[in-house]
Amino acid sequence: CKFHPGMRGVLTVEGAGGGVAPERPTFDQPLVVPPTRRGAEIRLVMRRALVRTLPDGPRTSMWTYDGTYPGPTIRRRGGRGTRVTIVNRLPREAGSMSTHLHGDHHASQHDGQPTTYLIRPGASRTYDYPLTVDGRAEPGSFFWYHDHRMDRTARNNWRGLQGMFIVTDPPLSGVRLPTGDRDVPLMISERSFRADNQLTDPFADGPEMVGHHGQMAWVGPQAPPDDATVGDTVLVNGRYAPYLDVTATRHRLRLLNSSPFSSYNLTFSDGRPFLQVGTGSGLLPKAVVRTSVLLGPGQRADVVVDFGGATGQRVVLESVPAKPGTTGDDARETAVMEFRVGDRARDPSRLPSRLPSPALVSPVPSKVSKTWTFGLHDEEHHGSFWSINGKAFDPGRVDHRARLGTVERWRFRNTSDVTHYVHIHAEQWRTLLRDGQAPPPWERGLEDTWRLEPGEEVEVAARFTDYTGPFMIHCHMLDHEDHGMMARFDVVP
Ligand code: C2O
Ligand code: CU
């Protein structure tokens, strides 16, 4: 069965038994890898462009970085300073923008702040990324850039302002990860489309903020706790249900979930394992074999998949919710993309189980210096907002001060009854404890975005280096972020 316009975007159908079964798409369009930029000076123009997203019918009008969705993939070796100039040529009514390089370590004024250092309509801003930490080159990482404007992040990302940024590995002793066209960045992100292939606008009648900073609440449609920008069509590198021709060799897949809200529990249709080698923030100390990889909004995984022995087969990457009552049961059920496995080829990759991962901060303080409680603040008469430590985001309020050069130990708690994905700017962190236990093996590298289930507690540590000024901590479910679940911490001299 071909892609039915009438069924567009509907990825689940009623099964015979009344349950919901995934509709298997036919994978009619090739995967597109976004254009690559490698220079020290990069210029990206934010502008409206027509983008091929669905296999049939008109292209989709999106807000893009330089005419493509995702925007160009920037690839730079760690330690090589990179300046990215973003020009705002979006329609005036889009307003001011702010571009954040998620995962990178850079100065506060280059962080893509939600309310300051904005890129006004018609203007531009140059972001300076030295790609160093404390005088040393940043380790190989898989970052991404996206809009971060206060109250509008979900809308601006939905419209298309997202792209990938790869800090390439220095020569690694004893390890050869797949390279070239066997190193594939995959941005997974969902949207909903109207019959004319244009994006729906879940924000048209968005909730309105009432009250003032520190005591605000959102009322109206999609106000907390029902705000969830869930799309019905999953795109990979901007295209619905693409396929990729691969040789029967190992491939490195850099998986990113850039959806506003949904999480995916990724598996292969034939049970083929993932060898997870990194978090997106650097290599893991040891490669981990996994049959499913759960990714929430903002999270990445660096995995190697071996297609050896599968010549002639079609392997589908899909998201299957975990068993009810277990971690990942809230992931959505959907097909993602297809790999068409061709002939064998020479495979020079080499993967020992121990990897040269970046050093983790040590020693760590035994005392927690800051607890961040993620919750829902409900007011009977004034509506509700997502909160951190009982407060809605206020860009003028400093919620914590961390001293430059010191190591801090932070704790996250979730007192609400839904899962959140906690993201911290400025530094890469070591995960110390998850619910009082050592973290799972895939959480033992550097990290910047954590899953936090209801009732869970996670403790992390990092050293604050190089830069002072305001930075953000927030939930990466963009509706939650826009509706209060963000806080500001300042690194002080
Ligand atoms: Cu990916 Cu503060 O964001
Ligand atoms: Cu959240």
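Residues numbered from 1 in each chain as written. Chains lettered and ligands numbered in written order. Predicted model: local features only at pLDDT ≥ 70, side-chain atom pairs only at ≥ 80, totals over all residues.

Draft legend 1. The sheet that holds strand E10 (residues 124–129), seen in detail. Pairing within the open sheet is mixed, and its four strands lie in the order E6-E5-E8-E10. Lying at the two open borders of the sheet, with one neighbouring strand each, are strand E6 (60–65) and E10. Strand-to-strand, the axes of this sheet are offset by a mean angle of 20°, without reference to chain direction. (Pairing = 2+ DSSP bridges. Helix = DSSP H or I, 4+ residues; strand = E, 2+ residues; numbered from the N terminus. Axes fitted to C-alpha atoms, helices over the stretch in contact; angles between N-to-C directions.)

Draft legend 2. How the structure looks around the sheet that holds strand E25 (residues 293–295). Spatially, six strands are ordered E3-E20-E28-E27-E22-E25 in an open sheet, and the strand pairing comes out mixed. The open sheet terminates on both sides in strands that have one partner only, identified here as strand E3 (29–30) and E25. Examined bridge by bridge, strand E27 (residues 314–319) and strand E28 (residues 334–341) share six bridges and lie antiparallel to one another. Among the inter-strand pairings, Leu 317 is bridged to a residue of E28, identified as Met 337.

Draft legend 3. Molecular detail of the nonpolar core. Ile 188, Leu 255 and Val 303 are the most contacted members of the largest nonpolar core, which has 71 residues in total. The greatest single-element share of this core, amounting to five residues, is contributed by E28. For this core, the domains that each give at least three residues are domain 1 (31–170) and domain 2 (183–341). Excluding anything up to four places from it in sequence, Ile 188 contacts Val 234, Val 236, Leu 255, Leu 256, Asn 257, Ser 258, Ser 259, Tyr 264 and Val 336. If you look at the next biggest cluster of nonpolar residues, it comprises 39 residues, including Ala 426, Val 458, Cys 475 and Met 486. (Core = buried A, V, L, I, M, F, W, Y, C linked by C-beta atoms within 7 Å. Buried ≥ 20, exposed ≤ 12 C-beta atoms within 10 Å, placed from the backbone. Domains from an automatic or database assignment. Contact = placed C-beta atoms within 7 Å.)

Draft legend 4. Structural context of unusual backbone geometry. Of the consecutive residues Pro 224 and Pro 225, the connecting peptide bond is found in the cis state with omega at 0°. By secondary structure assignment, the location of Pro 225 is in the loop between strand E17 (217–219) and strand E18 (233–236). The omega angle of the peptide bond from Ser 362 to Pro 363 is -5°, so this bond is cis rather than trans. The backbone phi angle of Asn 237 is positive, close to 45°, even though this residue is not glycine. Positionally, Asn 237 belongs in the loop between E18 and strand E19 (239–240). For Asn 237, a count of 23 C-beta atoms within 10 Å gives the class buried. In this structure, Asp 466 takes a positive phi of about 70° despite not being glycine. Relative to the elements of secondary structure, Asp 466 occurs in the loop between strand E37 (457–463) and strand E38 (469–475). A count of 17 C-beta atoms within 10 Å places Asp 466 in the partly exposed class.

Draft legend 5. Quick peek at the confidence of the model for the protein. On average, residues of the protein score 93 in pLDDT, and 94% of them reach the 70 mark or higher. Confidence drops under a pLDDT of 50 for residues 1–22, and excluding neighbours within four residues, the segment shows 35 contacts in the predicted structure. Of the two predicted TM-score estimates for the complex, the pTM is 0.94 and the ipTM is 0.99. (pLDDT = per-residue confidence, 0-100.)

Draft legend 6. Inspection of the environment of Leu 172 at higher detail. For Leu 172, the location among the structural elements is in the loop between strand E14 (162–168) and strand E15 (183–191). According to the C-beta neighbour criterion, Leu 172 is partly exposed, with 14 such atoms within 10 Å. Placed 183 residues apart in sequence, Leu 172 and Leu 355 show a C-alpha to C-alpha distance of 8.9 Å.

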